[in-house]
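# Fold and contact review
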Amino acid sequence: MMKKKSIPASKPFLILFLCQIISALDVPLDSKLLEELSQPPTITHQSPKDYIVDPRENIVIQCEAKGKPPPSFSWTRNGTHFDIDKDAQVTMKPNSGTLVINIMNGGKAEAYEGVYQCTARNERGAAISNNIVIRPSRSPLWTKEKLEPNQVREGDSLVLHCRPPVGLPPPIIFWMDNAFQRLPQSERVSQGLNGDLYFSNVQPEDTREDYICYARFNHTQTIQQKQPISVKVFSMDSLNDTIAANLSDTDIYGAKPATERQPVLLTPTGSTSTKVELRGNVLLLECIAAGLPTPVIRWIKEGGELPANRTFFENFKKTLKIIDVSEADSGNYKCIARNTLGSVHHVISVTVKAAPYWITAPRNLVLSPGEDGTLICRANGNPKPSISWLANGVPIAIAPEDPSRKVDGDTIIFSHVQERSSAVYQCNASNEYGYLLANAFVNVLAEPPRILTPANKLYQVIADSPALLDCAYFGSPKPEIEWFKGVKGSILRGNEYVFHDNGTLEIPVAQKDSTGTYTCVARNELGKIQNEVHLEIKDPTMIIKQPEYKVVQRYGQVSFECIIKHDSTLLPTVMWLKDNDELPDDERFLVGKDNLTIMNVTDKDDGTYTCIVNTTLDSVSASAVLTVVAAPPTPAIIYARPNPPFDLELTGQLERSIELSWIPGDENNSPITHFVIEYEDGLHEPGVWHYQTEVPGTQTTVQLKLSPYVNYSFRVIAVNKIGRSQPSEPSEQYLTKSASPDENPANVQGIGSEPDNLVITWESLKGFQSNGPGLQYKVSWRQKDVDDEWTSVIVANVSKYIVSGTPTFVPYEIKVQALNDLGYAPEPSEVIGHSGEDLPMVAPGNVQVHVINSTLAKVHWDPVPLKSVRGHLQGYKVYYWKVQSLSRRSRRHVEKKILTFRGNKTFGMLPGLEPYSSYKLNVRVVNGKGEGPASPDKVFKTPEGVPSSPSYLKITNPTLDSLTLEWGSPTHPNGVLTSYILKFQPINNTHELGPLVEIRIPANESSLILKNLNYSTRYKFYFNAQTSVGSGSQITEEAVTIMDEAMASRQVDIATQGWFIGLMCAVALLILILLIVCFIRRNKGGKYPVKEKEDAHADPEIQPMKEDDGTFGEYSDAEDHKPLKKGSRTPSDRTVKKEDSDDSLVDYGEGVNGQFNEDGSFIGQYSGKKEKEPAEGNESSEAPSPVNAMNSFV
């Protein structure tokens, strides 16, 4: 079944409600939508009702409105039309109704005083502004007056009157001296609300001649100053001296000091007064008293309390201030002035009136032709305001008739509206203290659906989290919304989806298989539109190794691990916190990739460390506590798990609750953070303890909720930062009374196991959920969308029931209700199940293959009708196999491959095909039962591709200037070979490459003799095959042409020249003399055998190798006349190439006898001749010479 619910307004979705009675604040402000959608005018900005302007500046009267088409503007002044075209000083801003009155170029602000009202009009109606009263600010001068000095006796009271000029708005009053310093105020001296300066009693220090009252007019930014007032205070002693000469000893001023007096109120006068204030304003009440000592003021409300959070005392408690007053604040407020001689009080009777305020302001209506709606205008005030209606700015009584409109007091009722019913209505609520004016339009639209959510929007959601896919829409009448998955998927239904009124599709628990494209379709009687969005499901971020509790000694080192696992497409950021705040800015804290290390730990590092892992989609965290203990030799405090609680007691036993209390055990130096309460059901699961609840560590009692028909025992476990205590001893048992079940089985499902049955399963209630003996289940079912009665059966306490004889794969409504000996559980909810599936009946039709390239093809098919699927559509399987290669025309063993395409997909890609081959395929539909019949085999062929490399390349028969190349054709020609490409280049002794030569060879050739090569030169060859598509991968080899024997003999002839022999003998003699000198200097005698010297300083480069094992062997004896053996160089694969055979010094000359004599054998012993390089080496072989032999010896 489909679910519908509303999303909170905080969700960023554009919602427009269109129903039988529609009330919307505005048409969605979508730019494209506003370009096409008609809308009556709406006032968006206007000047305040009471608008006081600066007479020195231009007057700007705001009036802005929106609408489609854009509205035109007009004004009235003092109730009559204001023709701005006739006044050169007045202009209206372009595309606006705002007036600008030019005062700075000769205009007089006083000439434009009055009441202004703006009208914004288009073809769908007219909206009006408030009445805007324009008044220029006034800051008149103080009137001239002669001020007499104030002479006052010490201790008497005094009032200095300010009497500022009347300004607009009223000025702000303050008192200063000639130096522009504010006069100090206190409980004794303070300024009243009327601006006068009150002295409760004067003191000699009050004598001064510069008491000046200032009035500041904010609008004109001017300050007016009153003439200074002089005050002279006479003390009693000086006053008596002055009048003693003129008065007798019996006069009143005889030796009396300043006398103390009880309080007398300076303001307000009398014992009572009244005050009227408006709702929402600030109430200010004032009491200032004279007296000596200075009186203290206290405020009370008769018969009630002063409102909390809204009451403030100012001016040394002489002023009572209550903000945001309401009718409840009406009453009698008493101020009491008290000093040590007595008290005086004054009662102020406060009445709170109210200007009109909204209860329900009218809201814009967007209706479809033929629909109904209402405009409601409700206001309150004191006295009760009167309600009047206007239509397009005209009183509704004289407005044009509209048969769809009926006025009923504060409500206008619209019935069966038409497009001509569009208008703007004004509601006016007024009483003697003010008025409210509200515009609300009725916009009758006939619009086809529009989807406002951007196309192809991508949503990314963590697995097992809700996914919300937007489909913000607009249309009139309200469109119906349907959702599909995939391009041609069926409409989405069922409990796994929630469909919201604003078009949003919610997947409460998104899974990996929720990934895909979703299509939203909006339709009404005027049209249809659709939009696609895409959903990707990501793996959740997890902390697979969390930080653990650590206890570390002071000045030690500690490390917390935080190893995470996350979705490969999300980039996580890891942040560490200490006590929920940033880590200290300290180099001792080292943050690694997956750990936090703290070096040189101190006491201030003690605390809770939290690892927080954030991605763009989710966030996880884990915390651990670090406890820093003192280092030895001071014994460390032993922190341990708490001892178990004891003395468990049950009290207050009721049917569904009981109170459990206990006494905590020792906390072992780590405070108990919380207690865990567990219970045992001795009736159903004896010996098994279940979690019940937990309470803070400061609490030792708990009220526990109980279930019926359970024999309860309780135990308590204490927990601190170290760990959990052992469980307490169990409490006494308490058996609750039986009752009918409170709940029904969960996870009810209906899935057929055979084509003709329906298997209904559910999760059985646990023992304590049965609430009483005799637990059974009432299983009910009926075929969905068929007018059948419910079929019911009562079964024992099992979890499955099989309904036989059902049609194949039809939906059923199913419900399972629990009951026991005392009655039934509440009515269960219904679920949808299906009878058993059968194999599909029909094969996919119209199978088409589109070959994309030589290794990839795309297959299309028509979907199988859902009725023929006979089950839940799982997808389609494509079977395909290679019939033969078109280049070889040879059949081989058929190996079928299978590709599965999930869901209602109608196409798929076939990768990994072999080029230039013939293939067959068929398609089968798959449901939960299995595969359906195969479609007829479809034959298709792949085009040619590039070939693989030739199977081998051999180089044989080297001569002075030629080499023979042999090769095998490619293992996979992937087409018809057109030719072979051979490239080669020489390599010199320094491994540098020479110029590259390229030869194209016909495809039917398998060998080639390369001629005109350089002798004794190494060549590198690159060889590949070609088809009409292109060249395949290449194979490389290297080979060497042989040496010219005549040149080798010429190199040896130099050693037979007499001058060269003489030169060598001289060099040998010099070397011998140098050796003798060295022996003498070292004071050593005896022989120095050359062989021993060579043994002591063996050079592996010149030592011969044994042929049999490749180890270093002995030197040949000079008299043996045997050629020196070279060490064998056997490749790693234990094979010897033709060019790698062993040779001797004879290979490099004309023979032993012709090359070496006795001296030669001596030289050859130290010749250091390198082993001959193999044919594939990078250097040519070189014959030995006496020069080489001598160089080796030296």
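Before reading on, note that the structure itself is shown above.
Each chain carries its own residue numbering, running from 1 in the written order of its sequence. Restriction of local features to residues with pLDDT of at least 70 applies here, the model being predicted, together with a cutoff of 80 or more for giving and counting side-chain atom pairs; totals for whole chains, interfaces and linings are based on all residues. The side-chain values count all of the structure's non-hydrogen atoms but skip hydrogen atoms and water molecules.

Right, let's get into the pattern of salt bridges. Any Lys or Arg side-chain nitrogen located within 4 Å of an Asp or Glu carboxyl oxygen qualifies as a salt bridge. For the structure shown, the criterion picks out 37 salt bridges. Its salt-bridge partner being D206, residue R188 comes within 2.6 Å of it at the nearest N-O pair. Taken as a pair, R188 in the loop between β14 (172-176) and β15 (189-191) and D206 in the loop between β16 (197-199) and β17 (208-217) lie far apart in primary sequence, 18 residues in all. Here E931 ties to K877 by a salt bridge, and the two come within 3.0 Å at their closest N and O atoms. Pair noted here: E931 is in the loop between β77 (917-927) and β78 (938-941) and K877 is in strand β74 (residues 873-885), with a separation of 54 residues, a long-range link. Residues participating in the shared-partner salt-bridge network are D177, R208 and D210. The numbering of helices and of strands both runs from the N terminus, where a helix is a DSSP run of H or I of at least 4 residues and a strand a run of E of at least 2.

This part covers the side chain of N1024. Mapped onto the secondary structure, N1024 falls in strand β84 (residues 1018-1027). Every residue pair with non-hydrogen atoms within 4.5 Å of one another is taken to be in contact. Apart from the residues within four sequence positions on either side, N1024 is in contact with P950, Y980, I981, S1031, G1032, S1033 and Q1034.

Pairing between the strands of a sheet comes from backbone hydrogen bonds, and it takes one of two forms, parallel or antiparallel. Taken together, 3 strands build an open sheet; the order of strands is β49-β54-β53 and the sheet is antiparallel. Only two strands of the sheet have a single partner each, and these edge strands are β49 (558-561) and β53 (589-591). In this sheet, neighbouring strand axes are inclined to one another by 15° on average, regardless of whether the strands run parallel or antiparallel. Following DSSP output, two strands are said to pair if at least two bridges run between them. Sheet topology places β53 next to strand β54 (residues 595-598); 3 bridges connect them, and they run antiparallel. Bridge assignment links L590 to a residue of β54, and that residue is T597. For every element, the axis is a line fit to its C-alpha atoms; helices are fit only across the contacting stretch, and the angle between N-to-C directions ranges from 0 to 180 degrees.

Our focus in this paragraph is the state of the cysteines. The disulfide criterion used throughout: a pair of cysteine sulfur atoms within 2.5 Å. Considering all chains together, one arrives at 6 disulfides under this definition. Each sulfur in the disulfide pair C471 and C520 lies 1.8 Å from the other. Negative torsions about the S-S bond denote left-handed disulfides, and the value of about -55° found for C471 with C520 makes this one left-handed. Note that C471 is positioned in the loop between β40 (467-469) and β41 (473-476) and C520 in strand β45 (residues 516-524), a separation of 49 residues in sequence.

A separate point is the nonpolar core. A general trend in soluble globular proteins is that nonpolar side chains are found buried together. Note on terminology: a nonpolar core comprises buried Ala, Val, Leu, Ile, Met, Phe, Trp, Tyr and Cys residues joined through side-chain atoms within 4.5 Å. Buried means the residue's accessible area, taken with a 1.4 Å probe over protein chains only, is under 20% of the maximum for its type, while exposed means over 50%, and partly exposed covers the values in between. In this structure, I59, I61, W75, I101, Y116 and I134 are the most contacted members of the largest nonpolar core, which totals 32 residues. Those residues in contact with I59, other than ones at most four positions away along the chain, are V53, L99, V100, I101, I103, A109, Y112 and I134.

Taking 1.5 Å of rise per residue, the 24 residues of helix α5 (residues 1058-1081) would be expected to cover 34 Å, and the 35 Å separating its terminal C-alpha atoms lies within 8% of that figure. For α5, every residue scored as buried is listed here: F1060, M1064 and I1071. Take the number of residues in a helix, subtract one, and multiply by 1.5 Å to get its expected span.

So, about the sheet that holds strand β82 (residues 997-1002). Taken together, the 4 strands give an open sheet; going across it, the order is β82-β81-β84-β85, and neighbouring strands pair in antiparallel fashion. Whereas interior strands pair on both sides, the edge strands pair on one side only; in this sheet they are β82 and β85 (1035-1040). On average, each strand axis in the sheet is tilted by 25° relative to the strand beside it, whichever way the strands run. In the sheet, β84 pairs with β85 via 6 bridges, with the strands oriented antiparallel.

Right, let's talk about the packing of aromatic side chains for a bit. Two rings from Phe, Tyr or Trp (for Trp, the six-membered ring) form a pair when their centres sit within 6.5 Å of each other. Planes less than 30 degrees apart are called stacked, planes more than 60 degrees apart edge-to-face, and all others tilted. Applying the stated rule across the entire model yields 21 aromatic pairs. On the basis of an interplanar angle of 45° and a centroid distance of 6.4 Å, the ring pair of Y497 and F499 is categorised as tilted. The exposure class assigned to Y497 is buried, which follows from its relative accessible area of 11%. Look at F499 and you get buried, because its relative accessible area is 7%. Linked through ring pairs, F174, F180 and Y214 together constitute an aromatic cluster. Sitting over the ring of W790, K815 keeps its end group 4.4 Å from the ring centre. Distance and angle both matter: a charge sits over a ring if NZ of Lys or CZ of Arg is within 6 Å of the ring centre and within 35 degrees of the ring normal.

What follows is about the environment of E286. You can see E286 is positioned in strand β22 (residues 283-286). For E286, a relative accessible area of 11% puts it in the buried group. Here the alpha-carbon distance between E286 and G192, two residues 94 residues apart in the chain, equals 7.7 Å. Setting aside anything within four residues of it in sequence, one finds E286 in contact with Q191, G192, L193, T267, P268, W299, N315, K318, T319 and I348. Pairs of N or O atoms are called polar contacts if they sit within 3.5 Å, as long as, within protein, a hydrogen donor faces a hydrogen acceptor (for residues adjacent in sequence, only side-chain-to-side-chain pairs). Within the local environment of E286, its side chain forms a polar contact with the backbone nitrogen of L193, the two atoms lying 2.7 Å apart.

Relative to the elements of secondary structure, E1005 occurs in the loop between β82 and β83 (1007-1010). On the basis of relative accessibility, which here comes to 37%, the residue E1005 falls in the partly exposed class. On a C-alpha basis, the gap between E1005 and W967 in space is 8.9 Å, while along the polypeptide they are 38 residues apart. Setting aside residues up to four positions removed in sequence, E1005 forms contacts with W967 and Y980.

To continue, consider a nonpolar patch on the surface. Each patch is built from residues lacking any salt bridge and having more than 30% relative accessible area; the joining distance is 9 Å for like charges and 5 Å for nonpolar side chains (Val, Leu, Ile, Met, Phe, Trp, Tyr). For the area figures, the Shrake-Rupley method with a 1.4 Å probe applies, and any residue is considered shielded solely by the protein chains shown. On the surface, L1069, L1070, L1072, I1073, L1075, I1076, V1077 and I1080 cluster together into a nonpolar patch covering about 720 Å² of accessible area. Structurally, I1080 can be placed in helix α5. Overall, I1080 belongs to the exposed group, its relative accessible area being 57%.

This brings us to unusual backbone geometry. A cis amide bond links L168 with the next residue in sequence, P169, at an omega value of -5°. As for its placement among the helices and strands, P169 is situated in the loop between β13 (158-160) and β14. At N78, a position not held by glycine, the phi torsion is positive, near 55°. Within the fold, N78 resides in the loop between β5 (72-77) and β6 (80-81). Phi angles above zero are rare outside glycine, and D785 is one such case at about 65°.

The subject of this paragraph is the pairing of strand β81 (residues 977-987). Within a regular strand, the side chains alternate between the two sheet faces. Burial runs high along β81: 8 of the 11 residues are buried. As paired strands, β81 and β84 are joined by 10 bridges and run antiparallel to one another. Paired with P986 across the two strands is Y1019, which belongs to β84. Here 6 bridges tie β81 to β82, and the two strands are oriented antiparallel to one another. Residue pairing for β82: S979 is matched across the bridge by P1002.

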